[in-house]
Amino acid sequence: MTEAVITRSPRTPTEAIFMVDIEAGASFVHEIKRGQFVRIVDIEGNQAVDTLFYNAHDYADRYSAQDTIRAQGNIYLTTGTKLISTARNVLLTIVADTCGRHDTLGGACSAESNMVRYAIEKRSMHACRQSFLKGAIQWSDKTGRDFGKRDLTANINFFMNVPVTTSGKLTFEDGVSNAGKYVELQAETDTLIVISNCPQLNNPCNAYNPTPVRLLIWDAATNESMDQK
Amino acid sequence: MSSEVLWEETLSGSSTWSHVLKRGTALRITAGGDHANVGAIFLNADNPSERLNLPDTLKAQHIARLTTGAVLFSDMGRILCSITDDTLGWHDPLGGCSDATLVAEKYGALTYQKAHNDWHQNALDGFLLELEKYGLNRRDLMMNVNFFSKVEVQEDGSMQFVEGHAKDGSTVELRAEMNTLVILNTCQHPMDSDREYRQTPVTLTLKRVPAPGSEDICRKFRPENERGFLLTERYFQ
Ligand SMILES: [Zn+2]
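Residues numbered from 1 in each chain as written. Chains lettered and ligands numbered in written order. Predicted model: local features only at pLDDT ≥ 70, side-chain atom pairs only at ≥ 80, totals over all residues. Heavy atoms only, no water.

Student: Explain the overall build of chain B to me, please; I cannot follow it from the model alone.
Tutor: Summing up its helical and strand segments, chain B has five helices and 12 strands in all. Scaling as 2.2 N^0.38, a compact globule of 237 residues should have a C-alpha radius of gyration of about 18 Å, and chain B matches this with 17 Å. Each principal axis of the C-alpha distribution contributes one length, and for chain B these read about 55 × 40 × 35 Å. Per-residue burial for chain B yields a buried fraction of 61% across its 237 residues. In chain B, of all internal contacts separated by at least 6 residues, the share reaching a separation of at least 24 is 79%. In chain B, which carries 24 positive and 33 negative side-chain charges, the distance between the mean positions of the two groups comes to 5 Å. (Helix = DSSP H or I, 4+ residues; strand = E, 2+ residues; numbered from the N terminus. Rg over C-alpha atoms; globule rule 2.2 N^0.38 Å. Buried < 20%, exposed > 50% of the residue type's maximum accessible area, 1.4 Å probe, protein only. Contact = heavy atoms within 4.5 Å. Lys, Arg positive; Asp, Glu negative; His and termini not counted. Charge placed at Lys NZ, Arg CZ, Asp CG, Glu CD.)

Student: When you look at the environment of B:Tyr134 in this model, what are you seeing that I'm missing?
Tutor: All names here are of chain B. Tracing the backbone through its elements, the reader meets Tyr134 in the loop between helix H4 (123-132) and strand S7 (145-147). With a relative accessible area of 35%, Tyr134 lands in the partly exposed category. Sequence separation of Tyr134 and Leu204 is 70 residues, and the distance between their C-alpha atoms is 21 Å. At a separation of 2.7 Å, a polar atom in the side chain of Tyr134 contacts the side chain of Ser18. (Polar contact = N/O pair within 3.5 Å; in protein donor to acceptor, adjacent residues only side chain to side chain.)

Student: What's the story with the side chain of A:Asp61 in this structure? I'm lost.
Tutor: Structurally, the position occupied by A:Asp61 is in strand S5 (residues 58-62). The charged side chain of A:Asp61 is buried without a salt bridge, its nearest counter-charge being B:Arg138 at 5.6 Å. The contacts of A:Asp61, once residues within four sequence positions are left out, are A:Tyr54, A:Asn55, A:Ser85, A:Thr86, A:Ala87, A:Asn89 and B:Arg138. (Salt bridge = Lys/Arg side-chain N within 4 Å of Asp/Glu carboxyl O.)

Student: What should I look at first to understand the interface of chain B and chain A in this one?
Tutor: How big an interface is tends to be stated in terms of the accessible area lost upon association of its parts. Facing the 51 residues of chain B at the interface are 49 residues of chain A. Counting the surface lost from both chain B and chain A, the interface buries some 4,000 Å², and carbon and sulfur atoms represent 53% of this. Area buried by chain B at its contact with chain A is led by B:Lys59, B:Arg138 and B:Arg139, which between them contribute 20% of it. If you look at where chain B meets chain A, you find six salt bridges. For B:Asp99, the salt bridge identified is with A:Arg88, shortest N-O distance 2.6 Å. At the junction of chain B with chain A, the criterion picks out 24 residue pairs in polar contact (both at pLDDT 80 or more). For the side of chain B that touches chain A, the secondary-structure elements that each account for two or more residues are helix H1 (54-61), strand S8 (151-153) and helix H5 (223-235) of chain B. Of the residues assigned to the side of chain B that touches chain A, the class counts are 22 nonpolar, 13 polar and 16 charged. (Buried area = accessible area lost by both parts, 1.4 Å probe. Nonpolar A, V, L, I, M, F, W, Y, C, P; charged D, E, K, R; others polar.)

Student: Hey, could you run me through unusual backbone geometry in this one?
Tutor: Both trends apply: most residues other than glycine have a negative phi, and most peptide bonds are in trans. Residue and element names in this part refer to chain A. Backbone geometry places Phe159, a non-glycine residue, at a positive phi of 75 degrees. Position of Phe159 among the secondary structure elements: in the loop between strand S8 (156-158) and strand S9 (181-187). Its relative accessible area of 1% is what places Phe159 among the buried residues.

Student: Sorry if this is basic, but what is going on with the coordination of the zinc ion here?
Tutor: Six octahedral donors around a metal ideally make angles of 90 or 180 degrees; four tetrahedral donors ideally make 109.5 degrees. Residues and elements named next belong to chain A. Here the zinc ion is held by Cys109 (SG), Cys128 (SG) and Cys198 (SG), and the distances to it run 2.2 to 2.3 Å. One chain supplies every donor to the zinc ion, and in sequence these donors are spaced C-x18-C-x69-C. Within this pair, whereas Cys128 is found in helix H3 (residues 128-143), its partner Cys198 is found in the loop between strand S10 (191-197) and strand S11 (213-218), the two being separated by 70 residues in sequence. Cys198 matches Cys128 in its accessibility class, with the two residues each being buried. (Donors = N, O, S within 2.8 Å, 3.2 Å for Na, K, Ca; no water.)

Student: Explain the environment of B:Leu181 here, please?
Tutor: All names here are of chain B. By the secondary structure assignment, Leu181 is in strand S11 (residues 180-185). Residue Leu181 is classed as buried on the basis of its relative accessible area of 3%. Separated by 161 residues in the primary sequence, Leu181 and Val20 have C-alpha atoms spaced 4.3 Å apart.

Student: What's the story with empty space enclosed by the protein in this structure? I'm lost.
Tutor: The rolling of a water-molecule-sized probe over the atoms marks out the regions of remaining empty space. This structure, assessed with the given rule, holds five cavities of 30 Å³ or more. Within this model, the largest cavity holds a volume of roughly 410 Å³. Lining of the largest cavity is provided by 34 residues; of these, A:Thr153, A:Ala154, B:Leu141, B:Met142 and B:Met143 occupy positions nearest its centre. For the lining of the largest cavity, the elements supplying multiple residues, two or more each, are helix H1 (65-72) and H3 of chain A together with H1 and H4 of chain B. With three residues, H1(A) is the single largest residue contributor to the lining of the largest cavity. Residues of the lining of the largest cavity, tallied by class, amount to 16 nonpolar, 10 polar and eight charged. (1 Å grid on protein atoms, 1.4 Å probe; cavity = no way out; pocket = protein on both sides within 12 Å on 5 of 7 lines; lining within 4 Å. Points joined across faces, edges and corners; volume = space filled by probe spheres on them.)

Right under this line is the structure:
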């Protein structure tokens, strides 16, 4: 693999306005305001953080994997990647990345795809799509907004390494992440973020051991003061 | 293969089309010229919340291109359509679809008033208009396939549109494994570097075809496909 570009963030955890640890198999739904920064930390390494993004004012306008990779002419996401929506708006930009590449083609695991990929008997195993649905239903109950299965579309798998070969093969490689690596995004518009911290027990990439991740949020103002230093 | 042609029609370039392809039929698409591109999305016609999931399709089959033997998986672990035959060996699942801004920047905005049916249409608007006819909308958009186009990915992840891939007479055949709402358009591929706005027609041929046997090329393509067919067959039992 070509050398990954590592970009660190100037923001420190002590200045964060919000911090939460998300266990493997848990969902997390939160609105990020325009200008705010959100960082996801791979606490123990090679964890897959399956994430969906929506325009907070219009959930039908959501992250589009194809528009994002076409816009940058590259299938891997890293610092500088603009996350493009289905209506061709920029939802967020990746502003720091100590991992170097993230996947957006591998999709989220589900009870149904586990049956196809591994064995029919795997149906009962917990999977990302269940977490996404749970998060969507809870968010809908809390906010009264219509949000459900129809809205679960293309996602990003932060910290996952899913290379495509020149002959058109899609492969799953060992992760390029490690304990403590992180990715940080700045919201270009008010954005709803939906995370399933992957509970996948069938994937050798995480050594069959899904682990927690940490999420931090900074206000836009924090960045301006950081930039002036 | 024993199959009976039910009907045939020609779809002109840069137009939109939809049909509920019944289980047990197959749609053959034939390029009516070089530069053909057919953007397509697929939904379960009997329950459209089930639809093409390209990430599942790619990862279950370990592919980033579509060709004979590959199947189109839904988000429910079932198969919408199988690719039973194709002459190109590569159809693109990565490039996505054009939109009004992209078409205007590349080819200029040309209205119906000015150009009548030669006006400059785009793939995204085509998908949305056709979805609306079935009570569906922007929430039901998904990643699309581009038949007849090829996008190569280099080791560093960069994507290149391969010029001159589709030829006049190139074909691809899709067998419906469930009642599948197929929405397609013949707009140019969004990464096509050709600066000329081309309208390349395709011929659509509907056939009645036998159910896939135990040695079917799509069933045997991967062990994952065997399980996909099993789950699809259970759906109809
Ligand atoms: Zn997962």
